[in-house]
There are 4 protein chains.
Amino acid sequence: VIANRSLTCSATPWDFEFLPESTALLVIDMQNDFCALGGYLHQFMEQKGMGDEAVKALREPIAPLSRVVQSCREAKVAVIYTIESHRPDLADVPSNKMEGSVRVGAPIGSSGPLGRLLVQNERGSEVVDELKPVAGEHIVHKPGKCAFFATELDSILRIRGITHLVISGVTTDCCVFGTLMEARDRGYHTLQLEDCCAAVPRASHDAICELPRAHPQAFGVITNSEAFVKAMESTNRLERRG
Amino acid sequence: VIANRSLTCSATPWDFEFLPESTALLVIDMQNDFCALGGYLHQFMEQKGMGDEAVKALREPIAPLSRVVQSCREAKVAVIYTIESHRPDLADVPSNKMEGSVRVGAPIGSSGPLGRLLVQNERGSEVVDELKPVAGEHIVHKPGKCAFFATELDSILRIRGITHLVISGVTTDCCVFGTLMEARDRGYHTLQLEDCCAAVPRASHDAICELPRAHPQAFGVITNSEAFVKAMESTNRLERRG
Amino acid sequence: VIANRSLTCSATPWDFEFLPESTALLVIDMQNDFCALGGYLHQFMEQKGMGDEAVKALREPIAPLSRVVQSCREAKVAVIYTIESHRPDLADVPSNKMEGSVRVGAPIGSSGPLGRLLVQNERGSEVVDELKPVAGEHIVHKPGKCAFFATELDSILRIRGITHLVISGVTTDCCVFGTLMEARDRGYHTLQLEDCCAAVPRASHDAICELPRAHPQAFGVITNSEAFVKAMESTNRLERRG
Amino acid sequence: VIANRSLTCSATPWDFEFLPESTALLVIDMQNDFCALGGYLHQFMEQKGMGDEAVKALREPIAPLSRVVQSCREAKVAVIYTIESHRPDLADVPSNKMEGSVRVGAPIGSSGPLGRLLVQNERGSEVVDELKPVAGEHIVHKPGKCAFFATELDSILRIRGITHLVISGVTTDCCVFGTLMEARDRGYHTLQLEDCCAAVPRASHDAICELPRAHPQAFGVITNSEAFVKAMESTNRLERRG
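Residues numbered from 1 in each chain as written. Chains lettered and ligands numbered in written order. Predicted model: local features only at pLDDT ≥ 70, side-chain atom pairs only at ≥ 80, totals over all residues. Heavy atoms only, no water.

(A) Spatial organisation of the interface of chain A and chain B. Contact with chain A, which involves 40 residues of that partner, is made by 41 residues of chain B. Overall, the association of chain A and chain B removes approximately 3300 Å² of surface from exposure, summing both partners, and the carbon and sulfur fraction of that is 62%. Among the residues of chain A in contact with chain B, N96, D185 and Q217 of chain A are the three that bury the most area, contributing 20% of the side total. At the junction of chain A with chain B, the criterion picks out zero salt bridges. Contributions of two or more residues to the side of chain A that touches chain B are made by α2 (40–46), α5 (95–103), α7 (172–185), α8 (202–214) and α9 (216–219) of chain A. Broken down by element, the side of chain A that touches chain B gets its largest block of residues, seven residues, from α7 of chain A. Here the side of chain A that touches chain B is composed, by residue class, of 21 nonpolar, 10 polar and nine charged. (Contact = heavy atoms within 4.5 Å. Buried area = accessible area lost by both parts, 1.4 Å probe. Salt bridge = Lys/Arg side-chain N within 4 Å of Asp/Glu carboxyl O. Helix = DSSP H or I, 4+ residues; strand = E, 2+ residues; numbered from the N terminus. Nonpolar A, V, L, I, M, F, W, Y, C, P; charged D, E, K, R; others polar.)

(B) Expanded view of the interface of chain C and chain B. Taken residue by residue, the interface counts four residues in chain C and four residues in chain B. Of the roughly 350 Å² buried between chain C and chain B, counting both surfaces, carbon and sulfur atoms make up 19%. Here chain C and chain B share two salt bridges between them. In this structure, R158 of chain C engages D154 of chain B in a salt bridge whose closest nitrogen and oxygen atoms are separated by 2.8 Å. Inspection of the chain C/chain B interface yields four residue pairs in polar contact (both at pLDDT 80 or more). Considering only residue class, the side of chain C that touches chain B consists of one nonpolar, no polar and three charged. (Polar contact = N/O pair within 3.5 Å; in protein donor to acceptor, adjacent residues only side chain to side chain.)

(C) Layout of the pattern of salt bridges. On inspection of all chains with the given rule, the structure shows 69 salt bridges over all chains. In this structure, R73 of chain A and E137 of chain A form a salt bridge, with 2.7 Å as the shortest nitrogen-oxygen distance. Of this pair, R73 of chain A sits in helix α4 (residues 62–75) while E137 of chain A sits in the loop between β6 (115–116) and β7 (138–142), and the two are 64 residues apart along the sequence. Classification of E137 of chain A by relative accessible area gives buried; the value is 14%. Salt bridges linked by common partners bring D154, R158, E182 and R186 of chain A together with D154, R158, E182 and R186 of chain D together as one network. (Buried < 20%, exposed > 50% of the residue type's maximum accessible area, 1.4 Å probe, protein only.)

(D) Expanded view of the relation of the copies chain C and chain B. Least-squares fitting of chain C to chain B yields an RMSD of 0.0 Å, with the superposition described by an axial translation of 0.0 Å and a rotation of 180 degrees. Read as a symmetry element, the transformation amounts to a two-fold axis. Closest to the rotation axis within chain C is the C-alpha of R158 of chain C, separated from it by 4.8 Å. Of the residues that chain C buries at the interface, 100% are likewise interface residues in chain B, meaning the two copies contact each other through the same surface. (Least-squares fit on C-alpha atoms with pLDDT ≥ 70 in both.)

(E) Region of interest: the nonpolar core. In this structure, F228 of chain A together with F228 of chain B are the most contacted members of the largest nonpolar core, which totals 106 residues. In this view, F228 of chain B contacts C9, F18, V68, C72, V166, L191 and L193 of chain B; residues no more than four positions away in its chain are not counted. (Core = buried A, V, L, I, M, F, W, Y, C linked by side-chain atoms within 4.5 Å.)

(F) Spatial organisation of the sheet that holds strand β9 (residues 189–198) of chain A. All names here are of chain A. Here we have six strands laid out as an open sheet, ordered β7-β4-β3-β8-β9-β10, and parallel in their pairing. Since the sheet does not close on itself, it has two edges, and those belong to β7 and β10 (221–223), each with one partner. In this sheet, adjacent strand axes meet at a mean angle of 25 degrees when their direction is disregarded. Contacting β9 and β10, α8 crosses the sheet at an angle of about 155 degrees to β9. (Pairing = 2+ DSSP bridges. Axes fitted to C-alpha atoms, helices over the stretch in contact; angles between N-to-C directions.)

(G) Local environment of the relation of the copies chain A and chain B. Note on the identical chains: chain A maps onto chain B by a rotation of 180 degrees and an axial translation of 0.0 Å, with an RMSD of 0.0 Å. Looking at chain A, 100% of its interface residues are interface residues in chain B too, so the copies touch through the same face.

(H) Focus on the packing of aromatic side chains. Within the structure shown, the criterion is met by 26 aromatic pairs over all chains. Ring geometry for Y40 of chain A and F44 of chain A: centres 5.0 Å apart, planes at 80 degrees, overall edge-to-face. Here F44 of chain A and Y40 of chain A lie together in helix α2, a separation of four residues that amounts to about one turn. You'll find Y40 of chain A and F44 of chain A in the same group, each marked buried. Where F177 of chain B meets F219 of chain B, the ring centres are 5.7 Å apart and the plane angle is 35 degrees; that geometry is what we call tilted. Separated by 42 residues along the polypeptide, F177 of chain B in helix α7 (residues 172–185) and F219 of chain B in helix α9 (residues 216–219) bring together distant segments of the chain. (Phe/Tyr/Trp six-rings, centres within 6.5 Å; stacked < 30°, edge-to-face > 60°.)

(I) Here's a closer look at the sheet that holds strand β8 (residues 164–170) of chain C. Residue and element names in this part refer to chain C. The six strands lie next to each other as β7-β4-β3-β8-β9-β10, forming an open sheet whose pairing is parallel. Two strands bound the open sheet, and with one partner strand each, they are β7 (138–142) and β10 (221–223). For this sheet, the mean inter-axis angle between neighbouring strands, taken without regard to orientation, is 25 degrees.

(J) Up close: helix α8 (residues 202–214) of chain B. Helix length check: α8 of chain B, at 13 residues, gives a terminal C-alpha distance of 19 Å against a target of 18 Å (1.5 Å per residue), a fit within 8%. Those residues of α8 of chain B not exposed but buried are S204, H205, A207, I208, C209, L211 and P212 of chain B. Buried residues along α8 of chain B sit against α7 and α8 of chain A together with α7, β9 (189–198), α9 and β10 (221–223) of chain B. (Expected span 1.5 Å × (residues − 1).)

(K) Expanded view of the packing of helix α7 (residues 172–185) of chain C against helix α7 (residues 175–185) of chain D. At a closest axis distance of 10 Å, the pairing of α7 of chain C and α7 of chain D adopts a crossing angle of 105 degrees. Comparing their axes, α7 of chain D and α7 of chain C come out roughly perpendicular. Within the contact between the two elements, α7 of chain C uses D173, C174, F177, M181 and E182 of chain C and α7 of chain D uses F177, G178, M181 and E182 of chain D. Among the residues making up the contact of α7 of chain C with α7 of chain D, the classes are represented as five nonpolar, one polar and three charged. (Parallel < 35°, antiparallel > 145°, perpendicular 65-115°, else oblique.)

(L) Summary view of helix α4 (residues 62–75) of chain C. Residue and element names in this part refer to chain C. For α4, spanning 14 residues, the distance from its first C-alpha to its last is 20 Å, which sits close to the expected 20 Å at 1.5 Å a residue. For α4, the set of buried residues is I62, P64, L65, V68, V69, S71, C72 and A75. K76 lies just past α4 and shows a positive phi near 60 degrees.

Now the structure itself:
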């Protein structure tokens, strides 16, 4: 019997203990609008001549995250994807967000190579091909940066009895961080996966990843994909033996 | 008649326009637990031998913020203070927060020189003397980092017709940032006051303050106290002339 | 110039004043799962031999509501529809709701004549044909009874500057009432349309409609479709003259 | 060992199973403003010459609730009180509520025999003497009708691991019902105590208490104080034997 067996993942500044059945991996906004040429981020970074470079940076989490997702599937850890996108009529875009997008040269809802920017059911609002959800995995569409804002995420987590969140995705300093902060206020134990997150500029990613090291009481703990996969694999080995 | 006259505050990367009557200054957690010797922050930073230095850093916003607060009072901009504190029975401290505080050597609710750490109605949970609220100003007690979590803040703002928030306080990377992110999801236009915020280490403060410069569509705009006071004073001058 | 002209709708116990541009009609759950043979409600009422009768009762609002919706369209009052439905994987069905549905003989997610009960994208979760939304009207999918729970409704209303809600739909005692209560806590001014709501048994509908008459300070005011359409038509007449 | 032993309370239309440690009794708004002469309710009902009668009706739950509270204390079921009250500066009173209170002749914040109506820290906003909380019991101050609106209630319940709520207080048709509806959306299993609730007119109380009988899948189950105390006592007996 291995039910309710606690796992330990090596992390900084202290280890993260969790039960697979009460843990979920959040894969935040790994969608074409942020991680593909022609998406929302590419469009506004291109105004500074940095579109390609930015997309390249935001694709870096794909490889390690693929391994983490695979590992979660094997260990029966829930995988939940979020997608930032808006209604086609833009009814859920507040004026602060719309105005900002216009000023940076990538109006939400305008047409781009991947469809309308940050709009539902366009190519831009699909999870990148490498990380496609499989049957049984949840996708949460969110109009805000924080994945808990105006969504059913908290309800889904409570219904499943999830108390521990492993957080990944883009961008480290925005949707990832906003979601992590709210998750902690709501009482979830959090583990951030450093190499499964990214932001531009890179310095911003690095600064946010320093926060758990400096103030884990506020920001939770942090590790990388390798350590997390290793913790999961120890389970799987045990299960196969069991 | 000067009612409904829009003001403009010089900011980066673009200016912030606002009406005094629909704007509020948020003064976040400028309380003894973060800004005084013997408070919560002092206690856990002292474990690394950095308590005094940390408190000194977090007191830096007091002087510029005093001027901003005074200016807001004259211009009839609402001033709203938040205080992070918990019930004496700690019923509103989630386990992730309690465990973290224990591990960093400053258990929430334990006794310190300024009373029980991060507990309501103790000396630690009072706004620092230099910034004491005056009659007619609101204080919002919050159990979380984000000032919107489990509080009446949003309701108070809506009732007053507030649509624009000027954000200050400590710490830049935690309660200030979490509040700013949620404020933006809820549609508030935001202006961060760089020299009226602080965090330890300083690099973390600096990194967060770079975010509006890099991505204003996500994080709003930023300025300093001088620019904001100047914008307010222009109103006051006009009003006196009027 | 008729912009910002306030309208008055005769109501009990006092009249309802509103501006068309800051008012929305909420059409709650007028979907086949409640208003058509073979839907969720029909299935569980049929256990008591009352399925047909119940559906007949819940269809009574369709005729008056059609007139109200048409009137709102002409007067440029926003029309917002809610639909109660769940993810195909039922991840957003809490155990209290699932267990209840099983016990009353109509498990959420089980197959019925109109598709899986209370599940998204089935015939049961479509608005009844007579009230089909037109382009530009919003639909809010909700997992709960209250339309504000885990949805973007509040955000959409704020973004449009909506402060006044005209509330209709089914069932009077459940989703309509739960939504009305939350709307009032959030500060919206409310007008309930008695003949545009329904519940089974009828006595329950009647009792809820007595509440505004007894305690308008808590439940807002109430009227019928004729009075509301009349108020709207006065606008339209003025506009045509204008 | 009797830990984690499930109890069963006879209820309609089906029994309520619960564990004492994950159950809380909610005592809603049993405060002088609703249950004492000179309070808010007395003031506005007196406009119709029904003040004394209304208070008498709202005091009826006191006796059965006293027994229930005592029983919960013995069985280690959490007892949580809510109080509806506002800030002295009325910053948290939305205009719909304020206007309604003025129209019914009892403006929130105006002076009455028990202090300012519906204002914090007045005699009116204290729990009635007969039901005074004891050390270790939580009080949640709420600005709205629903106890979850703009309060830390949900957070406190989650932190304690509460999944089942026993609901009592006044008034049945307003704060009790609004809280019950939101509790159910949030996934809590609910049991309403009929004789521990009251409303005026009585017909309104009766109508709301019919709802669980008609639609338990939506409103949960209902019982009376005697049945609930009996279920609790069976525990106590077992514990004493144990």
